[in-house]
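Overview (structure and organization)
Spelled out from the first residue to the last, the chains are:
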Amino acid sequence: MFAFKTIALRGLLAIAIPLAALTAHDVSAAETAAPSTAIHFTFDRPVDASMAPFFLAAKDGNFGAERLNVSFKSATGSPEALARVAKGGSELALVDINELIRFRDKDDAAPVKAVFMLFNRAPYAIVARRSRGIHLLSDLDGKTVGVADGDLSMRLWPALAQQNGINVSQVKFHKISAAVREPLLSAGQVDAVAGFSYLSAVNLRDRGVPGGDLVVLRYADYGCEAYGFAVVANPAFAATKPDAVKGFVRALIAGVNATIKEPARAADVAASRIDDGDRDLERERLRSVLIDNILTDEVKRNGLGGIDPARLDRSIDQIAQDFKFRKRPAAGDIFDDRFLPPVAGRLIN
């Protein structure tokens, strides 16, 4: 009996020692693992379905897999979002890259750069009603267009008009509040409104304006080279935490691919973050964004997130028609591609 107990004890010890070593290894690994990096991310406007890739990346654990703890908040426009990033209040933000180009021209501007292009085409558009005799951009001659204060699309209107031979003095611009932009057009008090295609056009259909009576005159269809919304990074954060920026970009690419694969789920996730969010409305909005702004021929060829430097340079020339640069920037001053994965990792699944 004594011999049996001795053998049993030795067996238990033989099992216990490796288990103890394994447990000690796990504890040591947990203690030495890199802690999560906190990222305060700012959207430059209220939440809508175009932001679904970010929310899906968070929901599906893509940020967590990159050891990132990402929190979201909103600003009242690209200038405010850029100010937050420049001062370090936010490590990353989503802003209109054309506003970034103007921001960088300030004497005291921080060297903020874009690191990921979400909207390959800017969403700038004139949304009009066919019943008011508008079918093409040239039909705006003699018409009244409602324009909200600070509307970014108007900053590129001079270049668009010149490129298309439109006499700007013949188009009447009526300043309005953004809150009444769609109501005024639906009531027939203006002939058209300026804004973003995926916002105004979808909102107008939701207000009961027949889709067949709406025409969306997208700047991109009339020669506007502008890119749209891009992720920008705080310079100090990008310099000291480059792997965190790269991880964020990888997670966002996964979020974009998931959005393309499951747009209904993505729109629902975005709608759940909006007070009284309308899932059907946001699904339609996301469909418009994917078709018009994200899944362009350029993206299908070259992958998500990058830019064509020559095209960005041409867009800067178009901005210069309504903006006097102190020192005209080059594409490399605005976009930093070092945080993008190789093209193979950015091609659309």
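The structure under discussion appears in the preceding block.
Now for a description of the structure that goes with this document. Since we're looking at a predicted model, the values are computed, not measured. Note on numbering: residues in each chain are counted from 1, in written sequence order. The predicted origin of the model limits local features to residues at a pLDDT of at least 70 and limits the giving and counting of side-chain atom pairs to 80 or more, whereas totals for whole chains, interfaces and linings rest on all residues. Calculated side-chain values reflect all of the structure's heavy atoms, with hydrogen atoms and water omitted.

It is worth spelling out the pairing of strand β4 (residues 113–117) at this point. The buried fraction of β4 is high, at four of five residues. Here, any two strands with at least 2 DSSP bridges between them count as paired. Helix and strand labels come from DSSP, where a helix needs a run of H or I of at least four residues and a strand needs a run of E of at least two; each type is numbered from the N terminus. Relative to strand β10 (residues 229–233), β4 runs antiparallel, the two sharing four bridges. Within β10, the residue paired with Lys 113 across the bridge is Ala 233. Residue exposure (1.4 Å probe, protein chains only): buried if accessible area is under 20% of the type maximum, exposed if over 50%, otherwise partly exposed.

Now for the packing of aromatic side chains. Within a pair of aromatic rings, the relevant descriptors are the distance that separates the centres and the angle that separates the planes. Any two of the Phe, Tyr and Trp rings considered here, Trp counted by its six-membered ring, make a pair once their centres fall within 6.5 Å; the pair's planes then place it as stacked at under 30 degrees, edge-to-face at over 60, or tilted in between. Taken as a whole and assessed by the stated rule, the structure comprises 19 aromatic pairs. Ring geometry for Phe 55 and Phe 72: centres 5.3 Å apart, planes at 90°, overall edge-to-face. Remark: Phe 72 occurs in strand β2 (residues 68–74) and Phe 55 occurs in helix α2 (residues 52–59); sequence separation between them is 17 residues. Of the residues examined, Phe 55 reaches a relative accessible area of 2% and is grouped as buried. An angle of 15° between the planes, with centres 6.1 Å apart, marks the rings of Phe 196 and Tyr 198 as stacked. Three or more aromatic residues link up through ring pairs in this structure, and these residues are Phe 41, Phe 43, Phe 54, Phe 55, Phe 63, Phe 72 and Phe 248. Here, a charge over a ring means that NZ of Lys or CZ of Arg falls within 6 Å of the ring centre while also lying within 35 degrees of the ring normal. Across the ring face of Phe 229, the terminal group of Arg 45 is positioned such that the distance to the ring centre comes to 3.8 Å. Cation over ring: Arg 311 sits above Tyr 227, and NZ or CZ is 3.7 Å from the ring centre.

To continue, consider the sheet that holds strand β6 (residues 144–148). Strand order in this open sheet of five strands is β7-β6-β8-β5-β9, and the pairing throughout is mixed. Two strands lie at the open edges of the sheet, namely β7 (172–176) and β9 (214–218), each paired on one side alone. The sheet shows a mean angle of 30° between the axes of neighbouring strands, direction not considered. For β6 and strand β8 (residues 192–196), the ladder comprises two bridges, and the chain directions are parallel. Looking at the pairing, Gly 146 lines up with Val 193 of β8. Pairs of residues are marked as contacts when any of their non-hydrogen atoms sit within 4.5 Å. For helices, the axis comes from a line fit to the C-alpha atoms of the stretch in contact; other axes are also lines fit to C-alpha atoms, and the angle between any two N-to-C directions lies between 0 and 180 degrees. Relative to β8, helix α8 (residues 197–206) is tilted by about 130°, and along the sheet it contacts β5 (124–129), β8 and β9.

Before going further, it helps to examine the pairing of β7. Alignment of β6 against β7, held across five bridges, turns out to be parallel. Paired with Gly 146 across the strands is His 174, a residue of β7. Convention used here: a crossover is right-handed provided that the path from the first strand, over the helix, to the second strand proceeds clockwise when the strands point away from the viewer. Handedness of the crossover joining β6 and β7 through helix α6 (residues 157–163): right-handed.

A few words on the pattern of salt bridges. For this analysis, a salt bridge means a side-chain nitrogen from Lys or Arg found within 4 Å of a carboxyl oxygen belonging to Asp or Glu. The full count for this structure, using the stated rule, is 22 salt bridges. Residue Arg 132 is joined to Asp 191 by a salt bridge in which the shortest nitrogen-to-oxygen separation is 3.1 Å. Of this pair, Arg 132 sits in the loop between β5 and β6 while Asp 191 is found in the loop between α7 (181–186) and β8, placing the two residues 59 residues apart along the sequence. Take Asp 191: its relative accessible area is 10%, and that puts it in the buried class. Taken together, the shared-partner salt bridges in this structure form one network comprising Asp 44, Arg 45 and Asp 48.

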